[in-house]
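Coordinate inspection notes
These are the residues of each chain, in order.
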Amino acid sequence: MDKNDRPSVMNEEQYEALKGKGMSKEKAARIANTSDAGKKGGASKPYEERSKKELYEQAKDLEIDGRSKMDKEELIKALREDR
């Protein structure tokens, strides 16, 4: 793939893996460009242990539509479906 045909990507390996899973170029690039892209560690709390504000900010970063009207449970569902 010609790199000029897609957004700029910091983590090429993760970008290609996400594209291989069927994500759009934009979404794969957005995830692959996060500061911790491709890092593992499992240090994140489960969604249920996070505040609604934390969930909202993550939904905002992922550009999930309708997030401003969602309650905590709806944000969790949307975040799980987005991955």
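Residues numbered from 1 in each chain as written. Predicted model: local features only at pLDDT ≥ 70, side-chain atom pairs only at ≥ 80, totals over all residues. Heavy atoms only, no water.

What to know about unusual backbone geometry
Spelled out, the test is: Counting from the N terminus, the helices are DSSP H or I runs at least four residues long and the strands are E runs at least two residues long.
Located in the positive-phi region is Glu63, a residue other than glycine, with phi close to 55°. Structurally, Glu63 can be placed in the loop between α3 (52–61) and α4 (72–82).

Brief notes about the packing of helix α1 (residues 12–20) against helix α2 (residues 25–32)
Heads up, the condition is: Angular values range over 0 to 180 degrees, each being the angle between N-to-C directions of two axes fitted as lines to C-alpha atoms, with helices fitted over their stretch in contact. Crossing handedness is defined as follows: a turn of the near helix away from the far one that is anticlockwise and smaller than a right angle gives a left-handed crossing, while the clockwise case is right-handed. For this analysis, residues touch if any pair of their heavy atoms sits within 4.5 Å. Residue polarity is assigned by list, with Asp, Glu, Lys and Arg as charged and Ala, Val, Leu, Ile, Met, Phe, Trp, Tyr, Cys and Pro as nonpolar; anything else, Gly included, falls into the polar class.
Packing of α1 against α2 brings their axes to within 9 Å, and their N-to-C directions diverge by 145°. Remark: the crossing between α1 and α2 carries right-handed chirality. Across the interface between the two elements, Gln14, Tyr15, Leu18 and Lys19 from α1 touch Lys25, Ala28, Ala29, Ile31 and Ala32 from α2. Looking at the contact of α1 with α2, its residues break down into six nonpolar, one polar and two charged.

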